[in-house]
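Okay, here's what each chain looks like letter by letter:
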2 protein chains.
Amino acid sequence: MDPRRFNFSSGPAVLPEPVLLQLREELWSIDGTGIGIAEHSHRGPLFDHVLADAQWAVREVSGLDDEWEVLFLQGGATMHFALIPMNFLGERTTAAFADTGTWTAKAIAEAKRYGKVDVLWSGKDTHWDRVPKQGDLPRCDGARYFHYCSNNTIEGTQYAGPLDVGAPLVCDASSDIFSRRYDLGLHALVFAGSQKNIGMSGNVLVLVRREFLATAREDLSPMLSYRAHAAAGSRLNTPNTLGIRALGLCCRWILDQGGVAAIEARNEAKAQLLYHEIDMSGGFYRGCAHTTSRSRMNVTFRLASESLEQAFAAEAARNDLDGLAGHRSFGGIRASIYNAMPHAGCEALASFMREFMRTRG
Amino acid sequence: MDPRRFNFSSGPAVLPEPVLLQLREELWSIDGTGIGIAEHSHRGPLFDHVLADAQWAVREVSGLDDEWEVLFLQGGATMHFALIPMNFLGERTTAAFADTGTWTAKAIAEAKRYGKVDVLWSGKDTHWDRVPKQGDLPRCDGARYFHYCSNNTIEGTQYAGPLDVGAPLVCDASSDIFSRRYDLGLHALVFAGSQKNIGMSGNVLVLVRREFLATAREDLSPMLSYRAHAAAGSRLNTPNTLGIRALGLCCRWILDQGGVAAIEARNEAKAQLLYHEIDMSGGFYRGCAHTTSRSRMNVTFRLASESLEQAFAAEAARNDLDGLAGHRSFGGIRASIYNAMPHAGCEALASFMREFMRTRG
């Protein structure tokens, strides 16, 4: 098999190698059935087990109890920017937001189609270099919910923890779910595209408190309705069966690593390797995020010029460090170092940063 | 690797073994990149190539030209039962239907949410044993579109060809797309969940004529809008990247077999093996479909009792012939024999049918 390169892509992103090796086997035949995971009926006993196992693994990793529904849906997080207000907002109710960059802006635009919006805080004035802390935004007790993005992939910022603003919390955790200890239980709904920390693209994990779900609209097309998906146990129609298997295996892999507390320690150490290089570079590398809001998932920084940034990304790629160019809307360099990025990958990148500065600084 | 069993599941369904073997390799590293197909950025050069290749393969297999958009979307065909009327219907316009079973019934229910519905024909009186022929239904020139299902997976019926009813044709081809020569060019929109003939679950292929697309609503949430998906070239957000690769490889495999004309001949021969056993059984096996509407994809039949049917499916499974129980809503036996089912699988099933009748008849 080909040697693997370090993949710093922001998503789809690096997967744990044990998961890839298991999926390779299961594509051909799973559990000795002589039929591949992608070929089994979604109503058959083999997939019953796969689905139950994935739900079990999500509950184990998250610590969420039976007060929560665990749903495996499709469409990417972007679809759910529309479905959440469609399900929970009405013309006379308000969704509150903290606007911390590209993904919250998209979610705000969608919510405006289905109800009222109140943007309590915006990072625009400081070019999205930080997220709000408790006390930075007014309470919004009357809002239907407060939507925020726990980690901003493009800008490289991350909340230290959930804020208490009075309204039910809705968290877009696409880029940091199950990467650290985080009290999901304080929320009403948590959703995450699976292609960063928990699998491949084409699945969205939606965790929703039953009590909150019971307040959703009942008159939507079933495929647009969280109630309908929950009532059907994520099998309203044929789900992305292979994707659900990959999600379950990624959660099992997290458990094998010692759970989110152990993963958090590893992720913290990986991020510190890179932030250390930025902080020690005397301004050669300039972090995009304010130090109080730095992401442990996406380390973003600038060099003196765009041409130097391009040279950095290209030379890194020649050194088997792939996917380091920043998002096309934001520029700069971005190292995405999700759960499955090995410590050795961050060591190699830190070493490359030192060498690049030595030759170009 | 495990020996493979014959898988007669209705979908997700058997995949071509060369496609599975290639996907196994590409999960670990695709095109020598050292990064797996599911880990590459959907905006990177590798996936640019994968997407373009899948589009090329679909155009080659379908014969559709640049007047058509080729879209890779999500949600299953069921999602598109809602999206089609949402995009093309209004309160004062009508969608016409031929009701040939479970899937058209679901599509009709969705269309009623978004506009008027005119059911021109229903198979209910003959327990869904046939589909209409040209002349069986009135013209519907004033309708916004006429929606039909070219192959009815559950009931085992299939149209001989598209009907001319005056209105633009919308075809749910989920269970027979690219299985035979069929003039897709006569349609306005063709859609198909990919998990039967063209890949794994979690992708939907939507083929839409640009002229028809230009008549769609413009005020929908982007994720619900075919216009928005087309404008973004199926990358409005992160698509199901591995699923698109699988779809492209399945289409390439069809081309390798000689294209749809060659596949059609193989599928016809496979189906005849099974219908021959039914017709020669002297009533031991009773075909569900009227002989004029028999499906080449899903061969459905009954035995004298439900207990005998259960014995048939269970004994077949012990003989490595899997997934033969009929749909839970319809009962009986169903052999789904899509493109990737080998001729040997149908021979083995025909032989089993003879043996089962010999011992139980």
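These figures come from a predicted structure and were not determined experimentally.

1. Focus on the relation of the copies chain B and chain A
Phase 1: The transform that puts chain B on chain A rotates by 180° and translates by 0.0 Å along the axis, for an RMSD of 0.0 Å. Interpreted geometrically, this transformation is the action of a two-fold axis. Relative to the rotation axis, the closest C-alpha in chain B is found at R24 of chain B, a distance of 2.5 Å.
Phase 2: Interface overlap between copies is the fraction of interface residues in one copy that are interface residues in the other; for chain B against chain A it reaches 100%, indicating a shared surface.

2. Description of the packing of aromatic side chains
Phase 1: For the structure on display, the rule yields 26 aromatic pairs over all chains.
Phase 2: Put simply, the rings of F284, Y285, F301, F312, F352 and F356 of chain A pair up and form one aromatic cluster.
Phase 3: In this structure, R4 of chain A is placed above the aromatic ring of W28 of chain B, and the distance from its NZ or CZ to the ring centre is 4.9 Å.

3. Focus: the interface of chain B and chain A
Phase 1: Contacts between the two partners involve 60 residues from chain B and, on the opposite side, 60 residues from chain A.
Phase 2: Between chain B and chain A lies a buried interface of about 5,000 Å² when both sides are counted; carbon and sulfur atoms form 55% of it.
Phase 3: On the chain B side of the interface with chain A, the three residues burying the most area are R24, W28 and E39 of chain B, jointly 17% of the side's total.
Phase 4: In this assembly, chain B and chain A are joined by four salt bridges.
Phase 5: The salt bridge involving E39 of chain B is made with R4 of chain A; its shortest N-O contact spans 2.6 Å.
Phase 6: For the pair chain B and chain A, the number of links is 33 residue pairs in polar contact (both at pLDDT 80 or more).
Phase 7: Counting residues per element, the ones that place at least two in the side of chain B that touches chain A are α1 (17–28), α3 (76–88), α4 (102–114) and α7 (241–256) of chain B.
Phase 8: At eight residues, the largest contribution of residues to the side of chain B that touches chain A is made by α1 of chain B.

4. Some points on the pairing of strand β12 (residues 298–302) of chain A
Residues and elements named next belong to chain A.
Phase 1: With four of its five residues buried, β12 lies for the most part within the structure.
Phase 2: Where strand β11 (residues 286–287) meets β12, two bridges bridge the pair, whose relative direction is antiparallel. Opposite R286, over in β12, you have R302 as the bridge partner.

5. What to know about the domain arrangement of chain A
All names here are of chain A.
Phase 1: Segmentation of chain A into domains returns domain 1 (17–256) and domain 2 (259–360).
Phase 2: Look at where the C-alpha atoms of domain 1 and domain 2 centre, and you get two points 27 Å apart.
Phase 3: Taken together, the contacts link 26 residues of domain 1 with 25 residues of domain 2.
Phase 4: Buried surface at the junction of domain 1 and domain 2, summed over both partners, amounts to about 2,100 Å²; 55% is from carbon and sulfur atoms.
Phase 5: In this structure, the connection of domain 1 to domain 2 is made through one salt bridge.
Phase 6: Across the salt bridge formed by E264 and R181, the nearest N and O atoms sit 2.5 Å from each other.
Phase 7: Across the contact surface, domain 1 and domain 2 share 14 residue pairs in polar contact (both at pLDDT 80 or more).
Phase 8: Put simply, the parts of the chain that give the side of domain 1 that touches domain 2 at least two residues each are β6 (151–152), β7 (157–158) and α7 (241–256).
Phase 9: In terms of residue count, α7 provides more of the side of domain 1 that touches domain 2 than any other element does, three residues in total.

Rules behind the numbers
Residues numbered from 1 in each chain as written. Chains lettered and ligands numbered in written order. Predicted model: local features only at pLDDT ≥ 70, side-chain atom pairs only at ≥ 80, totals over all residues. Heavy atoms only, no water. Least-squares fit on C-alpha atoms with pLDDT ≥ 70 in both. Contact = heavy atoms within 4.5 Å. Phe/Tyr/Trp six-rings, centres within 6.5 Å; stacked < 30°, edge-to-face > 60°. Lys NZ or Arg CZ within 6 Å of the ring centre and 35° of its normal. Buried area = accessible area lost by both parts, 1.4 Å probe. Salt bridge = Lys/Arg side-chain N within 4 Å of Asp/Glu carboxyl O. Polar contact = N/O pair within 3.5 Å; in protein donor to acceptor, adjacent residues only side chain to side chain. Helix = DSSP H or I, 4+ residues; strand = E, 2+ residues; numbered from the N terminus. Buried < 20%, exposed > 50% of the residue type's maximum accessible area, 1.4 Å probe, protein only. Pairing = 2+ DSSP bridges. Domains from an automatic or database assignment.

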